[in-house]
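Observations on the model geometry
Read off the chains here:
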Amino acid sequence: MQFMLLFSRQGKLRLQKWYVPLSDKEKKKITRELVQTVLARKPKMCSFLEWRDLKIVYKRYASLYFCCAIEDQDNELITLEIIHRYVELLDKYFGSVCELDIIFNFEKAYFILDEFLLGGEVQETSKKNVLKAIEQADLLQESQNEDWGATS
Amino acid sequence: MSDVVERTLGVLPALLGQHEPGAGPGGAGGPHRLSASSRLGSLIRNITALTSKHEEEKLIQQEITSLKAMVSAPTTSLRLMKECMVRLIYCEMLGYESSFGYIHAIKLAQQGNLLEKRVGYLAVSLFLHENHELLLLLVNTVVKDLQSTNLVEVSMALTIVSQIFPREMIPAVLPLIEDKLQHSKEIIRRKAVQALYKFYLIAPNQVQHIHDKFRKALCDRDVGVMAASLHIYLEMIKENSSGYKDLTESFVIILKQVVGGKLPIDFNYHSVPAPWLQIQLLRILGLLGKDDPRTSELMYDVLEESLRRAEINHNITYAILFECVQTIYTIYPKSELLEKAAKCIGKFVLSPQINLKYLGLKALTCVIQQDPNLALEHQMTIIECLDHPDPIIKRETLEILYRITNGHNVVVIVQKMLDYLKETKEEYAIITLAGKIAELAEKYAPNNEWFIQTMNAVFSVGGDVLYPDIPNNFLRLLAEGFDDGKEDKQLRTYAVRSYLALLEEENVFYPQKFLQVMSWVLGEYSSLATDVDPETILTRLHNLLKKTFVTSETKAWIMAAVTKIASRASFSKTVDKLIQEFSSSLDTCMRQHTFELKHLCEDKVLMKGLLPFDASCNDMVVDASLSFLDEFVAEGLGQGAAPYKPHHQRQEEKLSQEKALNFEPYGLSFASSVSSSGIAGRQSPTGLSFGSDTSGNSTEMGHKETNTLKLEGVRKLWGKEGYLPKKESKVGKEDEPQTVSCSSLLARRVAETPVSKSDQVSSLSEEEKEKQQLASTLFVGLGSNANVSLMGKVDLSTQKFKRKSKVDKAQSNEEALNMQNSAASDFGPLVDTVPITKEDCDGDKHTTLRKPSLCSSDTVGETLQSVKKPGLDDKLSDSRLSPLSLFADSNIEILQPSPSSQCENANKTVLLPSLAEELEELPHSEVAELCQSDALALYLCKVWKDDSLLLVVFVSNKNPSALNAVNVVFEKEQHFQILESPACQFPVIEAQSVGHCQKCVRMDKLCTQGVISGFVNYQSEMETHLEFSIPLSLLDFIRPMKMTTEDFGKLWLSLSNDVKQNIKMPSSQDSISAALSVLHQKLKLHIVDIIGNEGILACQLLPSVPCLLHCRTHSGMLALWFRSPCSALPDGLLYQCQKVMEES
């Protein structure tokens, strides 16, 4: 996978993860172009897009678009399921997730993504394991929060 | 944090005003939400409440200013810094520059406690990319965290390494990460493997030495770790599938267990077992089984099972099915499986779900050429998809059609493609589609008018984004013409007329490339349209020149056209007007062209001579060596001028003067001298003209002609096809009657299909009928049971623009040139840079050193085994302990010690084999041992035949019993080609006897030294495998070339790549004849003539690339001057000359 973007129906970027080294300018250009193209598509259309020499796989969940760029020989359907699994993970973590959760807790969303996809490849497919890893880190965080006064 | 949150997806600001997002229902220990009262919360709230972009910008700028102040203040606590980072990430996501914070993100990752570190690492991974310079500062932090005892820290460090890490710092962390492969926690092992995968991607040679660790990871008892290692294997197998065939069985077993549901339930996804793992494995199997019947055999069963098991109607099963189908079509075919896969594709294509339909089409595209019947089966669906509202479906459908195009359906298909081309706005799509249309049009055009019209459409729609070779090819096709002169004329005339008609229209914009094509054609061929007054053409072109949208490059093309037309007209008012108008133009190029035109017009005879009609393809003889200047040079020398020395030589002499203490002759300085002589070679006339040809300077026709033609003139001599111009066209003609009958046959059959169809569905709506008609036109010529050879012939007959054989020649020339180029580039690094060659040598030494040490000392072997054994046992018991026992089978093979380590002191009683009598007379090398084991020994003898190099390999059986099924297999090597089959087999070699096989070898790409490797295996108690390598040198392929002095002179002038070099003569041979006889003996150069202190020699590189050498002695130096059509050959020979001269 080359990159993953989350954006709202209004075209506002909510999350971006790049797995290929690109300059900021390129990233912005790609984001702008893709958001436009994807938003312009009608609901009954195919979830796949050919864009430049890449394949774009996107899916809309409520008001959020999840959009991944893969190479031509990659499997589009499984990418769609990667998106779905990510949504499931978010859902389980936040408890019926909504766009607001991702807006306000985007760093959590990133942590979950990093535990699920690493360097553009699926790292851990088991929902339980991903969340276990996240929760472990969160727990640590909590214990540190508690004795914060002592440590600082 | 127990507030209950109400979430709605409604209006955002209103909600934000009333509620504080708090903790989710995760309960105690569950995830915590960032308090909305935090500064980030309020920032987000404020921003979402804003309505205009302008306000947002203002607010963010404010925020960034305050953040900037805060992060750089020394009093800012790390905890606050963490919050700042999160806010910065947010700002950056909105598209605002926040690079001032990058360094603080790194600092936070370094100094913070766990929770701050986590955010620091996240910020780094989001802000920086792997080539960012600041990333170097992170390396120390990563190293420290990798050594931490805290699991979370280690895991964070591994995560960041797998995402971004500077390539050059890999050695700093690699040992630490290797250690982590033995970690007790599987999550750490998994991440370590993933980090290694990342390293493999960015710097494969840095992890080359730990390939055995990958194998360990593959055998890990945890499925996650094993799955992660598959990423690496997929990449490695992509690179070199033959190196991993031995793992096929392991992969098959893993897949079998996955498909059979033997994995823990955790890995299920919507009750499908580990789909990601399955897909990864299917891909690997596809790569392994490609073109390999034996390996494919192993996987048929599991593929069938995969197909069978994937039955639930869910996306994920379709994903697996799709991958399965692709694998089945990639590997060596098995008809039953293909049948099932085809059925599967049908399911996809017919699915009402658009995503599946798309994938069905994609699968069809892949397999349609293997199985054209599938297209016929689904023709109605394809037709429907052609008018699909979703452009992506349309595009994929066109891709299918593109692949089934033939002479009968080309018109319809190209029309459909043009329709799409006109609709689409996307540049990338336009470029690729226009290229495809142009290709089809050239290949299958039914008539001239259609071809020109189609190309016009391509040029006007594709505009200036087209690949430049589309217009170039088109012009070349027109210029070179076909076998039939009448046809050529018709085509050109039609093109001229159509362009005139296009130019007649007022206020139409054409892309520059199209205008250039038009002006070239008008300039060359407008006189073919005899009824058109040249004056009207000139007026059109003149009008164009005045247009502002025409670029100056195009203007140059137009001016060239005007000049050509003017050369044919006796007098033209328009030309006069044009000269007047533009001789004061501000554009200097235009002015120059105008003046040229003006002066040429004054001398019509010269002009006619300069611009002959339809001569763009005629060969011109160019004296590349500038021999007409010889007299001038001789005169200059006679008057005492210093002889010319090329730049590199002057520089070298200067260097040797500077280093007064250098006692060594400059043999070793060869590297630098070659690189400079390489440049000199490129500067030779041919090289120069080649460069200018590609640089787009082709507007000046006179110039261009000399360029391309000069090249062809030179290369043509050595094209493989030589001068066999008319042969092919004759063959084509003989074919014609046959093919006509074939095509009519086919047409009849195809005509029958729709009839039978319409019988079935008698009451068809108009629309349906139309579609059926379209189908019958589209799928014409796609045989349902036609055999392939028939089809092939039909295609041949319909290929209208069969280029003249001249073109073929040009192509073969081009190939030859490509070969030369590639040879030159291959050759370059080998000798250019000494370090590389050194490294190579070292590498060789290593391998050769390693083998004997393994063989000779048993103790080493034993320790090795004893080291290995516990590991092996551990692994075995591990895998048995694991609940899955997934990899028990795969283990054994993986760690099997190589048979070469078992070889002991072989009894060398076997006699040396000898050559057959007829070969004994030819020049040949000594019979040398290649390799041996305790059962057999391999010997090699090189026979230097006149026309080829013959390798004779002797397999001698040392056993007291016969050896069965001995196979000697040579591996493919890029520089050399083994003629006939690369293997030879001996069903039986009797005890104590010798079998021998012969292989002819050709050098495909020039190199000074190379190796052909291979292996021999034979059947004994266990299959045994013995590797060997045969070193080959350039000299093995050099043969003397006999010729007369006269021929030498002629050939010398026609060659252009020259290399000159002075080398010191060894004291033992101070006369030219002695020196030359050394070259004759050692390098097999033929001495043509010796006159005074000069001598000429000739040789050839097999099969027939000549190289000429001119030698002259002066004051203890031998001046060598090589010439050859192949640019790399002189360099290679020069090297050899230096070597032998030094040795003697």
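Heads up: the structure comes first, above all this text.
Description of the structure in this document. Keep in mind that what you see is a predicted model, and the values were worked out from it rather than measured. (Residues numbered from 1 in each chain as written. Chains lettered and ligands numbered in written order. Predicted model: local features only at pLDDT ≥ 70, side-chain atom pairs only at ≥ 80, totals over all residues. Heavy atoms only, no water.)

Residues and elements named next belong to chain B. A grouping of Glu917, Glu918, Glu920 and Glu921 is seen on the molecular surface, where their side chains present a negatively charged patch. Along the chain, Glu921 turns up in the loop between helix H45 (917–920) and strand E3 (928–932). A relative accessible area of 70% places Glu921 in the exposed class. (Patch = residues over 30% accessible without salt bridge, like charges linked within 9 Å, V, L, I, M, F, W, Y side chains within 5 Å. Areas by Shrake-Rupley, 256 points an atom, 1.4 Å probe, with all protein chains shown as cover. Salt bridge = Lys/Arg side-chain N within 4 Å of Asp/Glu carboxyl O. Lys, Arg positive; Asp, Glu negative; His and termini not counted. Charge placed at Lys NZ, Arg CZ, Asp CG, Glu CD. Helix = DSSP H or I, 4+ residues; strand = E, 2+ residues; numbered from the N terminus. Buried < 20%, exposed > 50% of the residue type's maximum accessible area, 1.4 Å probe, protein only.)

Contact residues are listed per partner, giving 79 residues for chain B and 77 residues for chain A. Buried area between chain B and chain A, summed over both chains or domains, comes out near 7100 Å², and the portion from carbon and sulfur atoms is 57%. For chain B, the biggest contributors to the area lost against chain A are Met93, Arg118 and Trp276 of chain B; these three give 12% of the whole. Linking chain B with chain A are 7 salt bridges, by the criterion used here. The partner of Arg283 of chain B in a salt bridge is Asp74 of chain A, and the shortest N-O contact between them spans 3.6 Å. One can count 24 residue pairs in polar contact (both at pLDDT 80 or more) joining chain B with chain A. (Contact = heavy atoms within 4.5 Å. Buried area = accessible area lost by both parts, 1.4 Å probe. Polar contact = N/O pair within 3.5 Å; in protein donor to acceptor, adjacent residues only side chain to side chain.)

With that settled, consider the environment of Lys245 of chain B. Residue and element names in this part refer to chain B. Positionally, Lys245 belongs in the loop between helix H12 (223–239) and helix H13 (248–259). Lys245 sits in the partly exposed class, given a relative accessible area of 24%. Placed 49 residues apart in sequence, Lys245 and Arg294 show a C-alpha to C-alpha distance of 9.9 Å.

The strand order across the open sheet built from 5 strands is E2-E1-E5-E4-E3 (chain A), with neighbouring strands paired in antiparallel fashion. The sheet is open, and its two borders are formed by strand E2 (13–18) and strand E3 (48–51) of chain A, each paired with just one other strand. Strand-to-strand twist in this sheet, taken as the mean axis angle between neighbours without regard to direction, amounts to 20 degrees. Two strands pair when backbone bridges link them, and strand E4 (residues 54–61) of chain A and strand E5 (residues 64–70) of chain A are joined in this way by 7 bridges, in the antiparallel orientation. Bridge pairing in E5 of chain A places Lys55 of chain A opposite Ile70 of chain A. Against the sheet, helix H18 (residues 354–367) of chain B touches E3 and E4 of chain A, its axis set at about 50 degrees to E3 of chain A. (Pairing = 2+ DSSP bridges. Axes fitted to C-alpha atoms, helices over the stretch in contact; angles between N-to-C directions.)

To continue, consider the pattern of salt bridges. Close approach of charged atoms lets side chains of opposite charge pair. Counted by the stated rule, this structure contains 37 salt bridges over all chains. Across the salt bridge formed by Glu305 of chain B and Arg309 of chain B, the nearest N and O atoms sit 3.4 Å from each other. Highlighted residues: Glu305 of chain B and Arg309 of chain B, both in helix H15 (residues 293–309), separated by 4 residues, approximately one helical turn. The buried category is assigned to Glu305 of chain B, whose relative accessible area is 19%. Since its relative accessible area comes to 42%, Arg309 of chain B is described here as partly exposed. Each of Lys55, Asp72 and Glu76 of chain A together with Lys362 of chain B takes part in one network of salt bridges that share partners.

All names here are of chain B. In the structure shown here, the tally under the stated rule is 26 aromatic pairs over all chains. Centre to centre, the rings of Tyr499 and Phe514 are 6.0 Å apart; their planes meet at 85 degrees, and the pair counts as edge-to-face. Residue Tyr499 is found in helix H26 (residues 485–504), and its partner Phe514 is found in helix H27 (residues 512–525); the two are separated by 15 residues along the sequence. Taken as a pair, Tyr499 and Phe514 share a single burial class, namely buried. Measuring from ring centre to ring centre gives 5.7 Å for Phe976 and Phe1037, while their planes differ by 20 degrees; the resulting arrangement is stacked. Of this pair, Phe976 sits in strand E7 (residues 976–978) while Phe1037 is found in the loop between strand E11 (1023–1033) and strand E12 (1038–1040), placing the two residues 61 residues apart along the sequence. With a relative accessible area of 0%, Phe1037 lands in the buried category. Taken together, the ring pairs connect Phe451, Phe459, Phe474, Tyr499, Tyr510 and Phe514 into an aromatic cluster. The ring of Tyr402 carries Lys436 above its face, with NZ or CZ at 5.3 Å from the centroid. (Phe/Tyr/Trp six-rings, centres within 6.5 Å; stacked < 30°, edge-to-face > 60°. Lys NZ or Arg CZ within 6 Å of the ring centre and 35° of its normal.)

What follows is about the nonpolar core. Formed by 285 residues in total, the largest nonpolar core has its most connected members in Tyr86 of chain A together with Phe251 of chain B. Among the elements that take part in this core, helix H2 (residues 76–94) of chain A stands out by supplying 11 residues, more than any other. In contact with Tyr86 of chain A, not counting residues within four places along its chain, are Met4, Leu6, Leu15, Phe66, Ala109, Tyr110, Ile112, Leu113 and Phe116 of chain A. In terms of nonpolar packing, the next biggest core, distinct from the first, is built from 63 residues, Phe970, Phe986, Phe1028 and Cys1137 of chain B among them. (Core = buried A, V, L, I, M, F, W, Y, C linked by side-chain atoms within 4.5 Å.)

Our focus in this paragraph is helix H4 (residues 78–93) of chain B. Under the 1.5 Å per step criterion, the end-to-end length of H4 of chain B is 22 Å for 16 residues, consistent within 8% with the ideal 22 Å. The set of residues buried in H4 of chain B consists of Met81, Lys82, Cys84, Met85, Val86, Arg87, Leu88, Ile89, Tyr90, Cys91, Glu92 and Met93 of chain B. As for H4 of chain B, its buried residues are in contact with E2 and helix H4 (106–116) of chain A together with helix H2 (39–49), helix H3 (53–72), helix H5 (102–111) and helix H6 (114–127) of chain B. Remark: Gly95 of chain B follows H4 of chain B within two positions and exhibits a positive phi of approximately 100 degrees. (Expected span 1.5 Å × (residues − 1).)

Here we come to the side chain of Glu76 of chain A. Its place among the elements puts Glu76 of chain A in helix H2. Glu76 of chain A sits in the buried class, given a relative accessible area of 0%. A distance of 3.0 Å separates the side chain of Glu76 of chain A from the side chain of Lys55 of chain A, its partner in a polar contact. Not counting the four nearest positions on each side in its chain, Glu76 of chain A is found in contact with Phe48, Lys55, Val57 and Ile70 of chain A together with Tyr358, Leu359 and Lys362 of chain B.

Time to look at the environment of Tyr244 of chain B. Residues and elements named next belong to chain B. On the secondary structure map, Tyr244 appears in the loop between H12 and H13. Along the sequence, Tyr244 and Leu288 sit 44 residues apart, while their C-alpha atoms lie 7.6 Å from each other. Those residues in contact with Tyr244 that sit more than four places away from it in its chain are His211, Arg215, Tyr233, Met236, Ile237 and Leu288.

Our focus in this paragraph is the pairing of strand E1 (residues 3–8) of chain A. Residues and elements named next belong to chain A. Burial within E1 is extensive, with 6 of its 6 residues counted as buried. Residues Phe3, Leu5 and Phe7 point to one face of E1 and Met4, Leu6 and Ser8 to the other, with burial holding for every one of them. Across 5 bridges, the pairing between E1 and E2 is antiparallel. Looking at E2, one finds that Leu6 is bridged to Leu15. Hairpin geometry of E1 and E2 is characterised by an intervening segment of 4 residues between the two adjacent antiparallel strands and by a positive phi of about 90 degrees at Gly11. Two strands pair when backbone bridges link them, and E1 and E5 are joined in this way by 6 bridges, in the antiparallel orientation. Bridge pairing in E5 places Phe7 opposite Tyr65.

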